[in-house]
Protein chains: 2
Amino acid sequence: MKPNHWNDFETYNERCLLKLDQARSTGRFIVGVYCIFAPVELIRAAGGISVGLCGKKPDPIARAEEELPANLCPLIKSSYGYAASDTCPYFAASDVIVGETTCDGKKKMFELLGRIKPLHMMYLPSNMEASHALDFWRKELERFRMFLEERFGVSVTGEALFRQIRLTNRIQKEFRRLIEHHRSCRLPVSGGELLVVLETRGFIVDPEAYLHHLETLNAEVEALPVVEARAGMPRILLTGTPVGKGSDKVIRILENAGTVVIVQENCTGMKSLFYPIDEEVAAADPMQALAMRYLQLPCSCMSPNPNRFRLLEHFIRNFGIQGVVDMTWQCCHTYNIEAFSVKRHIEERFHIPVLHLETDYSTSDIGQLETRIEAFVERIRSG
Amino acid sequence: MKPNHWNDFETYNERCLLKLDQARSTGRFIVGVYCIFAPVELIRAAGGISVGLCGKKPDPIARAEEELPANLCPLIKSSYGYAASDTCPYFAASDVIVGETTCDGKKKMFELLGRIKPLHMMYLPSNMEASHALDFWRKELERFRMFLEERFGVSVTGEALFRQIRLTNRIQKEFRRLIEHHRSCRLPVSGGELLVVLETRGFIVDPEAYLHHLETLNAEVEALPVVEARAGMPRILLTGTPVGKGSDKVIRILENAGTVVIVQENCTGMKSLFYPIDEEVAAADPMQALAMRYLQLPCSCMSPNPNRFRLLEHFIRNFGIQGVVDMTWQCCHTYNIEAFSVKRHIEERFHIPVLHLETDYSTSDIGQLETRIEAFVERIRSG
């Protein structure tokens, strides 16, 4: 049985639009974001609300393909299609949008998106290790802060930023706690159900209230008995490109095949939860702490991307992972190429099966995916 | 009739390997490069020779697809395939290779290439306008200089660098002179033939001798009579991704259809020829002059990329262009997305037809390309 407070999160996004309307009527502004590299602490410290705008459904893709190439990541096409067809209420509610140069497709798509809505671009270096890359990225954060201050006539104080940094850290800690319950099977939900809760992070209107809800949920879960409801089900780690309601076909097929998706190592899942912002640095220099933290995120846009391999190892070792599915959206070159190294690394080090899938938002390959995933699950069961 | 000295260039690359062998025997080192962002002046000032390694032929692609995704730019796959199958004598001759983060595909491909040959990565910012991007890029140039100095036990003096900067400027000036003859039809060669000469720039062993050859060729051409041999042939500008011997099917189809490809606005063609290095800055600070110049190159990896639009306008206005073909290699997201803006910009401003083609190194679409190009040429003739 699911915890009672689970429902608060399952219906969270539906209530979000109403909350956004209320917040706007009190003078707050809304920033649309498309990436976990968008520094939400800065937006919140400036008095704004960030909402995630990445498209997860295939419906707006046809509209996008009037301007974008067909042979492009479905997430990018879906995101652009929503904007171009004006069919996303969150996009409509956003005062401005912030883009990042994480990948070629998004970078150039944002040039077109900037014609529809005021856009601020952040230039992300793809080197997480060099000190001049950190300096550059910090300057990009400063530039974003100035953009917010000028655009909305506000001032971002160090104090407000530090407060938001601590709030983010506490929210992420609560998510790690929740995931720990998922790991131990105390939280009796599927990976698909967990995703619904994880997705609510993109729509936080009031971070303190959100944190409180999470704490309440965790406290309730901790009072539940541990039931080995999923004993014997292969434990899967899903890695790769982001997944959401509407683009979760691989999770659904995996769980219909009798597995449980214990870990989602992607940016809609748990990728960003293991990089707390250094509060000691933040107390003295919150912008520096932000810059340091965001540059550590293990996205495949980084080259090399050692943190992703470390994070995968952590999950495989500590979450009892028996098989890895690496899912790449069509034409996402960075994840698609990194898939080769990920597969080799995991197979050599852990001797568990790795399945790499390249797919899109359509339903046309579902039969083929089912066949491949069933064979993969069979390998785990017999392995 | 072609000028007598044309033959020196047509056979240049064949003789290059012998020259490379000779140079190596005198202790010189060879740096393999994959991009016009690679600062050849630094390599030469360090006593090295740069050779271009971008794959132009389909043969090694099957080998590359053992590790790289099939749905990737053929140039990247061809380049990697040559290295992985050890079938490129220039790759074999290279002591080290230098990569740049110009696009997602190359960036991640270089991670794999670095296992085969010592690799130095340069992190290119995609913002050509911000001062902190220039600072960052200068630091990347400094890092490359230190790499060369340490690796080969040499010292790059400001004097040597300034000398190479001036040589590059003079070589580019000679190419602009040659292109001017091509524009005016004094140089009676096709676009495909011109490409062969342009390609020799990637294999310059002795820049002074190379400059001398170019000057001699230009002097000879200037003594030829102007013959309107191509009067009435539609004058085409080809833009987009790079083209070389082996990947020149679109040029061949265009010229077989009775047009002349007057301009090649791509990195194997004329894209880099219109950005001289500022010698006044270079006299005081050659590294700064290099950084400034390279960051102005109008590659679609830049966002925004205003210089490309300016360069296209320059060519269309001054080279009597009647139609534009924008060719994108499969899955090159930056050029593929920018194609939308290029087409709209040119059609609105110049009212000439623009044809966008996405293709690869195979021959399978040649019939289809011929049909589309013939219809395009018909539009020009009847326009």
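All of these numbers come straight from a predicted model, not from anything done at the bench.

1. Let's talk about the pattern of salt bridges
Scanning the entire structure with this criterion turns up 60 salt bridges over all chains. A salt bridge links R143 of chain A to E140 of chain A, with the nearest nitrogen and oxygen atoms 2.9 Å apart. Remark: E140 of chain A and R143 of chain A occur in helix 8 (residues 131-152); sequence separation between them is 3 residues, near one turn of the helix. Taken together, the shared-partner salt bridges connect K108 and E111 of chain A together with E265, K271, R308, D326 and E338 of chain B into one network.

2. Looking at the relation of the copies chain A and chain B
In the superposition of chain A on chain B (RMSD 0.0 Å, axial shift 0.0 Å), the rotation amounts to 180°. When the rotation and shift are considered jointly, the pair of chain copies conforms to a two-fold rotation axis. The residues that chain A uses at the interface reappear at the interface of chain B in 100% of cases, marking a shared surface.

3. Examining the packing of helix 7 (residues 104-113) of chain A against helix 16 (residues 333-350) of chain B
Interaxial distance between helix 7 of chain A and helix 16 of chain B falls to 8 Å at its minimum, and their mutual angle equals 15°. It follows that helix 7 of chain A is roughly parallel to helix 16 of chain B by the angle criterion. Of the two possible hands of crossing, helix 7 of chain A and helix 16 of chain B adopt the one that is right-handed. Here D104, G105, K107, K108, M109, E111 and L112 of chain A of helix 7 of chain A come into contact with helix 16 of chain B, specifically with H333, T334, I337, E338, F340 and S341 of chain B. Partitioned by chemical class, the residues of the contact of helix 7 of chain A with helix 16 of chain B number 4 nonpolar, 4 polar and 5 charged.

4. Quick word on helix 10 (residues 191-199) of chain B
Along helix 10 of chain B, the residues classified as buried are G191, L194, L195, V197, L198 and E199 of chain B. In this fold, the buried residues of helix 10 of chain B make contact with helix 1 (6-10), helix 2 (12-25), helix 9 (158-184), helix 11 (207-222), helix 12 (249-256) and strand 6 (260-265) of chain B.

5. Here's the deal with the sheet that holds strand 5 (residues 235-240) of chain B
Note on sheets: strands pair through backbone hydrogen bonds, and any given pair is parallel or antiparallel. Residue and element names in this part refer to chain B. A sheet is described by the order of its strands in space; here 4 strands give the open sequence 6-5-7-8, paired in parallel fashion. Of all the strands in the sheet, just strand 6 and strand 8 (354-359) have a single pairing partner and so form its edges. Looking at each pair of strands side by side, their axes are set apart by 25° on average, direction ignored. The pairing of strand 5 with strand 7 (residues 323-329) spans 5 bridges and is parallel. Residue pairing across strands places I236 opposite G323, the latter belonging to strand 7. Here helix 17 (residues 366-382) sits on the sheet and contacts strand 5, strand 7 and strand 8; the angle it forms with strand 8, its principal contact strand, is near 170°.

6. Some remarks on the interface of chain A and chain B
Residue-level contacts link 43 residues of chain A with 43 residues of chain B. Buried area between chain A and chain B, summed over both chains or domains, comes out near 3600 Å², and the portion from carbon and sulfur atoms is 59%. Among the residues of chain A in contact with chain B, K108, H132 and I337 of chain A are the three that bury the most area, contributing 19% of the side total. The interface formed by chain A and chain B includes 2 salt bridges.

7. Here we look at the sheet that holds strand 3 (residues 96-100) of chain A
Residues and elements named next belong to chain A. The 4 strands are arranged 2-1-3-4 in an open sheet whose pairing can be described as parallel. Each of the sheet's edge strands pairs with one partner strand only, and the pair in question is strand 2 (48-52) and strand 4 (119-122). Within the sheet, the average angular offset between the axes of one strand and its neighbour, ignoring direction, is 25°.

8. Brief notes about unusual backbone geometry
In the segment running from S303 of chain A into P304 of chain A, the intervening peptide bond is cis, with an omega of -5°. Inspection of the secondary structure puts P304 of chain A in the loop between helix 14 (286-294) and helix 15 (306-318). For D86 of chain B, which is not glycine, the phi torsion reads 50° and is therefore positive.

9. Some words on the environment of V154 of chain A
All names here are of chain A. Tracing the sequence through the fold places V154 in the loop between helix 8 and helix 9 (158-184). Distance from V154 to S94, taken between C-alpha atoms, is 17 Å for residues 60 residues apart in sequence. Sequence-distant contacts of V154, that is, excluding residues within four places in its chain, are made with A46, L148 and E149.

10. Concerning the packing of helix 15 (residues 306-318) of chain B against helix 16 of chain B
All names here are of chain B. At a minimum axis distance of 11 Å, the contact between helix 15 and helix 16 shows a crossing angle of 45°. In terms of their interaxial angle, helix 15 and helix 16 are classed as oblique. Between helix 15 and helix 16 lies a crossing whose hand is right-handed. Taking contact as the criterion, the partners of R308, F309, L312, E313, I316 and R317 in helix 15 are, on helix 16, Y335, E338, S341, V342, H345, I346, R349 and F350. Partitioning the contact of helix 15 with helix 16 into residue classes produces 7 nonpolar, 2 polar and 5 charged.

11. Some remarks on the environment of S50 of chain B
Structurally, S50 of chain B is set in strand 2 (residues 48-52). Distance from S50 of chain B to I204 of chain B, taken between C-alpha atoms, is 7.1 Å for residues 154 residues apart in sequence.

12. What about the pairing of strand 8 of chain B?
All names here are of chain B. Summarising the sheet, strand 7 and strand 8 pair through 6 bridges and their orientation is parallel. Of the residues in strand 8, the one forming a bridge with D326 is H356. Viewed along the sheet, the connection from strand 7 through helix 16 into strand 8 turns out right-handed.

13. Some points on helix 16 of chain B
For helix 16 of chain B, with 18 residues, the first-to-last C-alpha span of 25 Å sits near the 26 Å given by 1.5 Å per residue. Remark: the principal bend of helix 16 of chain B, roughly 35°, maps to A339 of chain B. Listed in full, the buried residues belonging to helix 16 of chain B are H333, T334, Y335, N336, I337, E338, A339, S341, V342, H345, I346 and F350 of chain B. For helix 16 of chain B, the secondary structure elements touched by its buried residues are helix 7 and helix 16 (333-350) of chain A together with strand 5, helix 15, strand 7 and strand 8 of chain B. Following helix 16 of chain B by one or two positions, H351 of chain B adopts a phi angle in the positive range, close to 55°.

14. So, the packing of aromatic side chains
Summed over the entire model, instances satisfying the criterion amount to 21 aromatic pairs over all chains. Aromatic pair F9 of chain B and Y210 of chain B: ring centres 5.9 Å apart, planes at 85°, arrangement edge-to-face. Highlighted residues: F9 of chain B in helix 1 and Y210 of chain B in helix 11, separated in sequence by 201 residues. Accessibility classification places F9 of chain B together with Y210 of chain B in one group, the buried group. Ring centres of Y34 of chain B and F110 of chain B lie 5.4 Å apart, and the angle between their planes is 70°; this geometry places the pair in the edge-to-face category. Taken as a pair, Y34 of chain B in the loop between strand 1 (29-33) and helix 3 (40-45) and F110 of chain B in helix 7 (residues 104-113) lie far apart in primary sequence, 76 residues in all. Judged on exposure class, the residue Y34 of chain B and its partner F110 of chain B are both buried. Grouping aromatic residues by their ring pairs yields a cluster made of F9, Y12, F175 and Y210 of chain A. For K117 of chain A, the ring lying beneath its charged end belongs to F91 of chain A, and the centroid distance is 4.9 Å. The ring of Y294 of chain A has R293 of chain A lying over it, and the distance from NZ or CZ to the ring centre is 4.7 Å.

Definitions and cut-offs
- Every residue gets a number counted from 1 within its own chain, in the order that chain's sequence is written.
- The naming scheme follows written order: chains are lettered A onward, ligands numbered 1 onward.
- Only residues with pLDDT of at least 70 are given local features in this predicted model, and only at 80 or more are side-chain atom pairs given and counted; all residues enter the totals for whole chains, interfaces and linings.
- Only hydrogens and water are set aside when side-chain values are computed; all heavy atoms of the structure are taken into account.
- What counts as a salt bridge is simple: a side-chain nitrogen of Lys or Arg found within 4 Å of a carboxyl oxygen of Asp or Glu.
- Secondary structure counts use DSSP, requiring at least four H or I residues in a row for a helix and at least two E residues in a row for a strand, with both numbered from the N terminus.
- To line up the copies, we fit them by least squares on C-alpha atoms, keeping just the residues with pLDDT of at least 70 in both.
- Two residues form a contact once any of their heavy atoms are found within 4.5 Å.
- Think of each axis as a best-fit line through the C-alpha atoms, taken over the contacting stretch in the case of a helix, with angles from 0 to 180 degrees between the N-to-C directions.
- Reported orientations rely on four angle classes, namely roughly parallel under 35 degrees, roughly antiparallel over 145, roughly perpendicular from 65 to 115, and oblique for the rest.
- By definition, turning the near helix anticlockwise from the far helix through less than a right angle yields a left-handed crossing, and turning it clockwise yields a right-handed one.
- Amino acids are sorted into nonpolar (Ala, Val, Leu, Ile, Met, Phe, Trp, Tyr, Cys and Pro), charged (Asp, Glu, Lys and Arg) and polar (every other residue, Gly among them).
- Exposed residues in this analysis have more than 50% of their type's maximum accessible area, buried residues have under 20%, and partly exposed residues fall in between, with area computed by a 1.4 Å probe over protein chains only.
- Any two strands with at least two DSSP-identified bridges between them are counted as paired.
- Once two parts are put together, the accessible area they lose, assessed with a 1.4 Å probe and summed over both, is termed the buried area.
- The handedness rule is simple: strands pointing away from the viewer, and a clockwise path from the first strand over the helix to the second, make the crossover right-handed.
- Expected helix span is taken as 1.5 Å per residue step, with the number of steps being one fewer than the number of residues.
- Here the bend at a residue is taken as the angle between two axes, fitted respectively to the seven residues that end there and the seven that start there.
- Classification of ring pairs uses Phe, Tyr and Trp, with its six-membered ring standing for Trp, and accepts pairs whose centres are within 6.5 Å; under 30 degrees between planes counts as stacked, over 60 as edge-to-face, and the remaining range as tilted.
- In this analysis the charged atom, NZ for Lys or CZ for Arg, is taken to sit over a ring once it is within 6 Å of the ring centre and within 35 degrees of the ring normal.

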